[in-house]
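Geometric and topological summary
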Amino acid sequence: MKRTLGTCYYPEHWPEEIWADDARRMADLGLTWVRIGEFAWSRLEPAPGRFDWGWLDRAIDVLTGAGLSVVLGTPSATPPRWMLDRHPDMLAVDATGRPRKFGSRRHYCFSHAAYRADAARMAGLMAERYGDRVAAWQTDNEYGCHDTVISYSAAARDAFRLWLVERYGTVDRLNQAWGNVFWSMDYDSFDQIDLPNLTVTEPNPAHLMAFRRFSSDQVVAWNAAQVAAIRAHSKAPISHNYMGRVTEFDHYATGRQMEIATWDSYPLGFLLDRVPGGDKAAYLRQGDPDFQAFHHDLYRACGQDGRWWIMEQQPGPVNWAPWNPAPLPGMVRLWSWEAFAHGAEAVCWFRWRQFPQAQEQQHAGLLRSDSTEAPGFAEAAEVAAELRDAPDVAPMQAPVALVFDYASQWAWEVQPQGQGFDHFALCFDLYRALRSLGLSIDILPPETATLDGYAMVLVPGLLTIPAALRTAMERAEGIVVTGPRTDLKTDELAMPMPLGPNLPGLAATSVMEETFPPDAPRGLQNGGGIDLWLEHLKTDAEVTERTTDGTAVLLRQGRRAHLAGWPNKPSAQRILGDLAREAGLAVTPLPEGLRLRDTATERFVFNYASHPLDYAGQIIPPAGLLRLSRPS
Amino acid sequence: MKRTLGTCYYPEHWPEEIWADDARRMADLGLTWVRIGEFAWSRLEPAPGRFDWGWLDRAIDVLTGAGLSVVLGTPSATPPRWMLDRHPDMLAVDATGRPRKFGSRRHYCFSHAAYRADAARMAGLMAERYGDRVAAWQTDNEYGCHDTVISYSAAARDAFRLWLVERYGTVDRLNQAWGNVFWSMDYDSFDQIDLPNLTVTEPNPAHLMAFRRFSSDQVVAWNAAQVAAIRAHSKAPISHNYMGRVTEFDHYATGRQMEIATWDSYPLGFLLDRVPGGDKAAYLRQGDPDFQAFHHDLYRACGQDGRWWIMEQQPGPVNWAPWNPAPLPGMVRLWSWEAFAHGAEAVCWFRWRQFPQAQEQQHAGLLRSDSTEAPGFAEAAEVAAELRDAPDVAPMQAPVALVFDYASQWAWEVQPQGQGFDHFALCFDLYRALRSLGLSIDILPPETATLDGYAMVLVPGLLTIPAALRTAMERAEGIVVTGPRTDLKTDELAMPMPLGPNLPGLAATSVMEETFPPDAPRGLQNGGGIDLWLEHLKTDAEVTERTTDGTAVLLRQGRRAHLAGWPNKPSAQRILGDLAREAGLAVTPLPEGLRLRDTATERFVFNYASHPLDYAGQIIPPAGLLRLSRPS
Amino acid sequence: MKRTLGTCYYPEHWPEEIWADDARRMADLGLTWVRIGEFAWSRLEPAPGRFDWGWLDRAIDVLTGAGLSVVLGTPSATPPRWMLDRHPDMLAVDATGRPRKFGSRRHYCFSHAAYRADAARMAGLMAERYGDRVAAWQTDNEYGCHDTVISYSAAARDAFRLWLVERYGTVDRLNQAWGNVFWSMDYDSFDQIDLPNLTVTEPNPAHLMAFRRFSSDQVVAWNAAQVAAIRAHSKAPISHNYMGRVTEFDHYATGRQMEIATWDSYPLGFLLDRVPGGDKAAYLRQGDPDFQAFHHDLYRACGQDGRWWIMEQQPGPVNWAPWNPAPLPGMVRLWSWEAFAHGAEAVCWFRWRQFPQAQEQQHAGLLRSDSTEAPGFAEAAEVAAELRDAPDVAPMQAPVALVFDYASQWAWEVQPQGQGFDHFALCFDLYRALRSLGLSIDILPPETATLDGYAMVLVPGLLTIPAALRTAMERAEGIVVTGPRTDLKTDELAMPMPLGPNLPGLAATSVMEETFPPDAPRGLQNGGGIDLWLEHLKTDAEVTERTTDGTAVLLRQGRRAHLAGWPNKPSAQRILGDLAREAGLAVTPLPEGLRLRDTATERFVFNYASHPLDYAGQIIPPAGLLRLSRPS
Ligand SMILES: [Zn+2]
Ligand SMILES: [Zn+2]
Ligand SMILES: [Zn+2]
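Residues numbered from 1 in each chain as written. Chains lettered and ligands numbered in written order. Predicted model: local features only at pLDDT ≥ 70, side-chain atom pairs only at ≥ 80, totals over all residues. Heavy atoms only, no water.

A word on the overall build of chain A. Counting its regular elements, chain A contains 17 helices and 24 strands. Relative to the globule expectation of 26 Å for 632 residues, the C-alpha radius of gyration of chain A, 25 Å, shows essentially globular dimensions. Expressed as a percentage of the 632 residues in chain A, the buried residues total 70%. Taking contacts inside chain A between residues at least 6 apart in sequence as the whole, the part at least 24 apart equals 71%. Accessible surface, chain A as shown: approximately 18900 Å² in total, 51% of it carbon and sulfur. In chain A, which carries 59 positive and 77 negative side-chain charges, the distance between the mean positions of the two groups comes to 2 Å. (Helix = DSSP H or I, 4+ residues; strand = E, 2+ residues; numbered from the N terminus. Rg over C-alpha atoms; globule rule 2.2 N^0.38 Å. Buried < 20%, exposed > 50% of the residue type's maximum accessible area, 1.4 Å probe, protein only. Contact = heavy atoms within 4.5 Å. Areas by Shrake-Rupley, 256 points an atom, 1.4 Å probe, with all protein chains shown as cover. Lys, Arg positive; Asp, Glu negative; His and termini not counted. Charge placed at Lys NZ, Arg CZ, Asp CG, Glu CD.)

Spelled out as structure tokens, the structure:
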């Protein structure tokens, strides 16, 4: 499949007279895709049941007429104001009990059945009308953006009770599963169970964990309703555009419903408040060197057969981050190539033209709002030119795999045991260490049933090890690295009996788990240290790393390894580097800012630094990249 | 007009037996003015319609009998408890939807029509009874104190809808003006429009901006009602006592309704949490060297013909700041002279005697609560003695002007684009730089129609340039300095077409605006740097300052200059110093802590430092000042 | 009385089959006490009026059969879910007006009369059934934990009005006492008076202070109801388990109702967010060297005849602190001995066995949840062995006393005048200085009527000096040290007339009080400095310490001393050391981490440091201690 480019366009924002010129300029720029429609409900159905399809018919005519392929979004992220008159209780409710009002977007609760049905009905009507004319679909927009997965509405409460009935059958089983005897928290009926907010002190973690599983399931069910409505009328592939570090729902589960996973990549927008750690001052105009890559690899695991796109790529300053600098010249190009290096089929810029009003008026587009070219335009054109003789998408299984699990994220949010114990951050830290060693990585879901072909597999911080994964770990020929905090709980976020972890091929039991502040790491005898978390293990395995006071940190038994703590940057690089070499991998320690990525046929080298860097004798300018043939 | 002194007095707090002695001591101290009445409603109207004027009659007798002139305040800032039974919905509501309850002061919503009428009725009754006996009026007390301008009550919501009808006529025009198509935010009727709080993510900035304009208009209308009620019965001048850095309503607009602007100056009380920047540790006991001066100049612009007073001047420690140190000996005198140097007609101390109960029992007065003299008393007496042979108030047009605009403050609060972009802070930074160069400054409203007589005029961060000001800028003979972020929007907080800025006499268009964190300034080739904001300009003008990577920062075309970024302290001093010299002004770079101010006949030199400083060979002690003849 | 050990046990959490083995292991470990029952309501009364006493009967049989003495807790801290159906308005309400919901514990408002009666009824039923079989009682659990003393419920509001009627008789007297004239805050009837939350700006401090006194009184009355219900059927002593730094109710007042005071000591759990100041990084695994000691001395003053226990002692990592490290080996033993050194009769570990579910599943016990021994078990056994030939509890009056007063804590929270002025922190700072000098200390209530036998008495930050204490201070033969901020107010939190302080034997009046930020201390001429608070005093007394700019800081008249400010660590050690020597005390300045405590017959030396320390030539290892005979 050819690597392609695209953009996001809002015909309803602009006079119809300029559509044709816009379409022509898109095509001239070398774009293949144009995504439209996802916020247009108030113009498609201005009053309940009164539809105005005409303008969209014409917009699709104009765009396809110019040779562009249309991705059509369902508009359920922005229900019109009249929808609230139909469903006054459709709003999500925040943790303090306040409805989250109309006036921006995503003003709905995923548990509201009637709005869910109305949204699916709208998707169905669009599929019926445009099913043959569009090249792909997008459901809704950025599930979970603005903290919208979790809602404390009456609709959520009622749905949660039904979900509990489904899961536990009887309230006695629920009481037992949650250990409600602990503080006389036993329930007599499901109707007594409230959402776990506003309790006097922390609620039962099992109660919270159930609510988090439920909240994710509601998103999955919501998406399923739209997918079904579209499939009834269209054969075009369906996608959803995910966000960066949104972890409140199981993206693998929605991913299984659709052909393509896409995500909205804002390297500068996400830098300051979504990237765990890292030297933010050094990357204000470039974005973190690993954050985009992590998501590319994560969402590749969410698409069917690894199919994934960037649906929104930042082409200049945005409006919504704490501060909004301009990308360093070259970064708009670099970000695109980093995506292609990770197997993206398409990269689409958001948005075609800056809209001079409303919330995102300061969000750059490829065009300024007076239709002149914005600074990002030239770099888009450069990528388009480079693509002409670039190879096709050539996915490759990476030599290293890392299991990332949404449920574990919820579990450790519910029960961090020490501020900052976060599954995403742990996985990202290890990912970052692997990437600083020049390795390419696959991210895998916990449902993974085979680890064939991986020289090294990391399973850090997994709440539980599902049976299929456990079998795969047992059979794996590569080095399997577990921990810290892997398999120490049951599915109900309780301590298992026998006590965990119960690891395949490595006998170790935790005697005690402790946490400590970030400014009080435990030093390692071999250098570096452990941050935040240390499980004290009883084991007969070989111990190859210890803290300065003798606690075991790295356990080894054959091709199995277990980390008892969270290694800081130097010790993560050292430990994972040694293991990778032992696994037979070519390790290339990279200078700060330089990154590699291999496809089946190519090697890419990216310079995220604001100064030139050397790779194998070649000087790469700031924001520059090398496209090489893959070393054999 | 003679410079005069006064104090704030509460006869209702004290036994009637001591009133006469208090009055005599005030007169002996050399005071002219005594402000009374502004919190006394519960004693004037103990029950609805049952009035007790007797004590106030006698208090006014005693005070005027001692030769004092009375300023009478209307008591609407403290409605009695029974008023809530009449108007249970009169309370303001905070942004989270909670009523702001009775039990302190300012417990009312400016939009509540019935309470507004009751408050105006009370003002009318007082004017009817005392219209001939008092020397001046004060409406209410400290509008906006305790964040009381903005209210999310039902009264506010209903009034906002009417205000929108007035402004837009039809809801279609509103939808277009706000760009509501953006996220399907279109309204079908004005009744659907809610206040812009508690939305899922940020509301439409146009919606917010309308609400901010509306909220200011409600204060203006509220004050108008009381002014009208007073004017019907009294010829005495009317005033209101403004606060420091309260920017939620347009003080120029209320100012146009009344003869005198006054303000309540608490140099130590305001230091820690209202002064942008500065070396707070150095001025804990002196107050910021520029903050009072800025407000003196601002409120001079709010009084008719520049008439302004200090209605409340801190005479010792207060009770309400995060910490409450005692003024350095000498500062009570220095603050008074700084006010007179800026043209104050009167300086009144708050309060005559410390009240030993309730919220402000730790707030010093001129007397302690046992009627002995507090530390500030002696300094007040010193000022009174000095005033005897001091010149009259002699206002002078300053050589430099700076336009400060309340609507711009709201605009950049609504849409900072980078945390900390604040119109007040920007203006204050530039004001501070001018003052550190020894310059005297006038602050001007955006309604200014002539700039005659100014050698230099600064127009920083103005949302839009109103037509009259634009004409004045075109005609100005002095150097006019615009930017950063001047004229980049329309009145509706949208991007203008053609894109801004559209400056008189300086052709430049912004291609891109970016912001960056305070710890990441952009260096200038000539030294110093740019903080927070940088607009990238397309221009044919001469560029006389650039960032180290070449972006234009100072554009020049004849006597017009434009700043593309927010200069930090050293670059602001350098750039404005050079421009001032070019404008023919005498620039006197001052050591940290020393400040100058000229009137028509005098030059004042103030030492805010806690160590002696030298001015032209004279040593000024800490908290000391020089009163010189003005250099010709 | 022998020093004894115990543990907290929850038979309802475990299969009945293992109770006997548990009981045997407790006895074998050397434990005397087992506390049970305090969270078991849902299992004792599964439905309203349907009781299941059988399991508790059998559990008590098993435990007493093994030779253990049972402490039985009333379960009112965890009302079952059905209780909310009986009393839907029984929940406490937070300061923002939101009910604090079911789902954890302590979900009740102390002012709810009907739930209070139900809880007392339950206590009575338990006393009736088990009055002869248990060795001691515990009422409820950890009053005030999770900020549960203060509630803004309707029940609290109604009870507050009745309390006000009781205190003031007429609303006019209340208006006068509070100074409500100040801002027209006068009330016409008690029914108009609301709780002091959500006011526009700070409420009247007298209003807040009354609410704080009321809130404390509600806890005292609540406890009285249970004590009365138990006393009707049982002669066993009654206790309550207090917490660390919970100051919202008067523990002396509840203490007077019961024989024994106990507290729950979590040295690591409390370190990071309850200990004022100190070097937290140095004590992450040991706990603060003075925080436990302070509470030992405080709660000794709360028990009748000084009887006190540790009811819950941390045996390993807990789950609820910001981070939860493991104790340094040795600390579980050291903490126990520190308690015995301060006169504890018993030390009980919480809990016997880690519960693998619910909120505290990560809270270590003496056993792990699989019944194997946790790391703390061996240290408990070591203490048990050491106790066999240790002396009995031998209380001794300490040479130094310090008055700590709950009402003063409330007063300065209501009116700190500078952020951080806190009675507890002030007392703790001075306590820490005394202890760093090797002194043993008694803490005294403000109701103290004699100071006989104390060589030195500290009375810092007392709101008022009650009459009996005043007489005792007049008669005291030791050195009495007052201030800072002692006796500067009336009971109504107003300024007294004549102005304060009015100290016995030391003539000084405050002219002005000022506060300053922590980073701006005032230096002393003799070294060290004053933090935060300085009262400027008019006095004829001798001044022996002054600030560098001459303000009096230490006043002396005979054996009376007064501190005008809050001395920082070095000046507190110097000033108190000099006064102690003058009082004839043996002062032993100790290295950081080393602490002494004397009983009538013994001297204990504790090493809280993580490195060895020398005491009089003996090397004490980290977490080690010496048990010496008391020097004569
Ligand atoms: Zn987006
Ligand atoms: Zn005031
Ligand atoms: Zn406890």
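After that view of the structure, there is still more to cover.
Within the sequence span of helix 13 (residues 375-388) of chain C, burial applies to G376, F377, E379, A380, V383, A384, E386 and L387 of chain C. Packing partners of the buried residues in helix 13 of chain C comprise strand 1 (4-8), helix 1 (19-29), helix 12 (331-341), strand 8 (346-349) and strand 24 (625-629) of chain C.

Our next topic: the interface of chain B and chain A. Across the contact, 50 residues belong to chain B and 51 residues belong to chain A. Taking both sides of the interface into account, the surface hidden between chain B and chain A amounts to around 4500 Å²; carbon and sulfur atoms contribute 55%. Looking only at chain B, the three residues that lose the most surface to chain A are F182, W183 and V200 of chain B, adding up to 19% of its buried area. The interface formed by chain B and chain A contains 29 residue pairs in polar contact (both at pLDDT 80 or more). When residues of the side of chain B that touches chain A are traced back to their parent elements, those giving at least two are helix 7 (171-178) and strand 13 (508-515) of chain B. Grouping the amino acids of the side of chain B that touches chain A by side-chain chemistry returns 24 nonpolar, 16 polar and ten charged. (Buried area = accessible area lost by both parts, 1.4 Å probe. Polar contact = N/O pair within 3.5 Å; in protein donor to acceptor, adjacent residues only side chain to side chain. Nonpolar A, V, L, I, M, F, W, Y, C, P; charged D, E, K, R; others polar.)

All names here are of chain A. For the zinc ion (ligand 1), the full set of protein donor atoms is E142 (OE) and E312 (OE), at a range of 2.1 to 2.3 Å. Separated by 170 residues along the polypeptide, E142 in the loop between strand 4 (136-138) and helix 6 (154-168) and E312 in strand 7 (residues 308-313) bring together distant segments of the chain. Of the residues examined, E142 reaches a relative accessible area of 3% and is grouped as buried. Looking at E312, the relative accessible area reads 3%, which means it is buried. (Donors = N, O, S within 2.8 Å, 3.2 Å for Na, K, Ca; no water.)

Residues and elements named next belong to chain A. Scanning all chains against the criterion turns up zero disulfides over all chains. The thiol of C302 is not disulfide-bonded; the next cysteine sulfur, from C427, is found 13 Å away. Looking at C302, the relative accessible area reads 3%, which means it is buried. (Disulfide = S-S within 2.5 Å.)

Below, the discussion takes up the UniProt feature "active site" (unreviewed entry) in chain A. All names here are of chain A. UniProt tags E142 and E312 as "active site" (unreviewed entry). Separation in sequence by 171 residues is not matched in space for these annotated residues, since their most distant C-alpha atoms are only 10.5 Å apart. If we ignore the near neighbours within four places in the chain, the residues touching E142 are R105, R106, H240, N241, M243, D264 and E312. There is a polar contact of 3.3 Å between the side chain of E142 and the side chain of R105. Among residues more than four places away in sequence, those in contact with E312 are C8, R35, N141, E142, N241, W263, D264, S265, Y266, C348 and F350. (UniProt positions renumbered as here; feature names shortened; annotations may be inferred.)

By a widely used convention, the size of an interface equals the accessible area lost when the partners come together. Residue and element names in this part refer to chain A. On domain assignment, one finds that chain A holds domain 1 (155-207), domain 2 (400-582) and domain 3 (594-629). Distance from the C-alpha centre of domain 1 to the C-alpha centre of domain 2: 31 Å. Contact with domain 1, which involves six residues of that partner, is made by five residues of domain 2. Here domain 1 packs against domain 2, burying approximately 410 Å² in sum over the two surfaces, 42% of which is carbon and sulfur. (Domains from an automatic or database assignment.)

The next point concerns helix 8 (residues 205-231) of chain A. Given a rise of 1.5 Å per residue, 27 residues ought to cover 39 Å, and the 39 Å separating the end C-alpha atoms of helix 8 of chain A matches this to within 8%. For helix 8 of chain A, a buried count of 21 out of 27 residues is recorded, marking the element as mostly surrounded by other parts of the structure. (Expected span 1.5 Å × (residues − 1).)

Structural alignment of chain C on chain A gives an RMSD of 0.0 Å, achieved by rotating through 120° and translating 0.0 Å along the axis. Both chain copies can therefore be described as sitting about a three-fold axis. Of every C-alpha in chain C, the one belonging to T96 of chain C sits nearest the axis of rotation, 5.7 Å from it. (Least-squares fit on C-alpha atoms with pLDDT ≥ 70 in both.)

Another point: the sheet that holds strand 10 (residues 441-444) of chain B. All names here are of chain B. Strand order in this open sheet of seven strands is 10-9-11-12-18-17-16, and the pairing throughout is mixed. Of all the strands in the sheet, just strand 10 and strand 16 (542-546) have a single pairing partner and so form its edges. Across the sheet, the mean angle separating the axes of adjacent strands is 20° when strand polarity is ignored. Note: strand 9 (residues 400-403) against strand 10, four bridges, orientation parallel. (Pairing = 2+ DSSP bridges. Axes fitted to C-alpha atoms, helices over the stretch in contact; angles between N-to-C directions.)

A few words now on the confidence of the model for chain A. Residues at a pLDDT of 70 or more form 100% of chain A, whose mean pLDDT is 97. Both scores are given for the predicted complex: the pTM is 0.98, the ipTM 0.97. (pLDDT = per-residue confidence, 0-100.)

Here, the residues flagged by UniProt with the feature "binding site: substrate" (unreviewed entry) are R105, N141 and W320 of chain A. As for its placement among the helices and strands, R105 of chain A is situated in the loop between helix 4 (81-86) and helix 5 (113-130). Sequence-distant contacts of R105 of chain A, defined by excluding residues within four places in its chain, comprise F39, A77, T78, N141, E142, C145 and H146 of chain A together with W183, V200 and T201 of chain B. Its location among the elements puts W320 of chain A in the loop between strand 7 and helix 12 (331-341).

The subject of this paragraph is the interface of chain C and chain A. Contact with chain C, which involves 51 residues of that partner, is made by 50 residues of chain A. Interface of chain C and chain A: buried area, both sides summed, is about 4400 Å²; carbon and sulfur atoms make up 55% of it. The three residues of chain C that bury the most area against chain A are K101, W323 and Q362 of chain C, which together make up 17% of that side's buried surface. Where chain C meets chain A, there are three salt bridges. The partner of D186 of chain A in a salt bridge is R43 of chain C, with the nearest N and O atoms 2.8 Å apart. Linking chain C with chain A are 29 residue pairs in polar contact (both at pLDDT 80 or more). Those elements that provide at least two residues to the side of chain C that touches chain A are helix 2 (41-44) and helix 4 (81-86) of chain C. Residues belonging to the side of chain C that touches chain A are distributed by class as follows: 21 nonpolar, 16 polar and 14 charged. (Salt bridge = Lys/Arg side-chain N within 4 Å of Asp/Glu carboxyl O.)

Our next topic: the nonpolar core. As a rule of thumb, nonpolar side chains are buried together in soluble globular proteins. Counting 209 residues, the largest nonpolar core has L164 and W178 of chain A together with W137 and F404 of chain C as its most contacted members. Among the elements that take part in this core, helix 15 (residues 423-436) of chain C stands out by supplying nine residues, more than any other. In this structure, W137 of chain C is in contact with V71, L72, M126, A127, Y130, G131, I230, S234, A236, P237, I238 and S239 of chain C, ignoring residues within four places of it in sequence. (Core = buried A, V, L, I, M, F, W, Y, C linked by side-chain atoms within 4.5 Å.)

The next point concerns unusual backbone geometry. Residues and elements named next belong to chain B. Note that the residue after F350, namely R351, is joined by a cis bond; omega there is 0°. Residue H146 is not a glycine yet carries a positive backbone phi of 60°. As for its placement among the helices and strands, H146 is situated in the loop between strand 4 (136-138) and helix 6 (154-168). Exposure remark for H146: the relative accessible area of 21% places this residue in the partly exposed category.

All names here are of chain C. Reading around the circumference, 1-2-3-4-5-6-7-8 is the order of the eight strands in this closed barrel, with parallel pairing throughout. Ignoring strand direction, the axes of neighbouring strands in this sheet form an average angle of 25°. Against the sheet, helix 12 makes contact with strand 1, strand 7 (308-313) and strand 8, and its axis sits at roughly 150° relative to strand 8, the strand it touches most.

Residues and elements named next belong to chain C. In contact at an axis separation of 10 Å, helix 11 (residues 291-300) and helix 15 are set at 105° when each is read in the N-to-C sense. Taken together, the axis directions place helix 11 and helix 15 in an arrangement best described as roughly perpendicular. Here F291, A293, F294, H295 and D297 of helix 11 come into contact with helix 15, specifically with F424, C427, F428, Y431 and R435. Grouping the constituent residues of the contact of helix 11 with helix 15 by class yields seven nonpolar, one polar and two charged. (Parallel < 35°, antiparallel > 145°, perpendicular 65-115°, else oblique.)

Let's shift gears to the environment of P484 of chain B. Residue placement: P484 of chain B occurs in the loop between strand 12 (479-482) and strand 13. Among all residues touching P484 of chain B, those that are not within four sequence positions of it are L426, P460, G461, W533, E535, L563, A564, G565 and W566 of chain B.

So, about the packing of aromatic side chains. Residues and elements named next belong to chain B. Throughout the structure, instances matching the rule amount to 150 aromatic pairs over all chains. Centroid distance W263 to Y299: 5.8 Å. Interplanar angle 45°. Geometry classified as tilted. Placement of the pair is W263 in strand 6 (residues 260-265) and Y299 in helix 11 (residues 291-300), with a sequence separation of 36 residues. Here W263 and Y299 have matching classes, each one buried. Its end group placed over the ring of F421, R485 keeps NZ or CZ at 5.1 Å from the ring centre. Across the ring face of W337, the terminal group of R627 is positioned such that the distance to the ring centre comes to 4.2 Å. (Phe/Tyr/Trp six-rings, centres within 6.5 Å; stacked < 30°, edge-to-face > 60°. Lys NZ or Arg CZ within 6 Å of the ring centre and 35° of its normal.)

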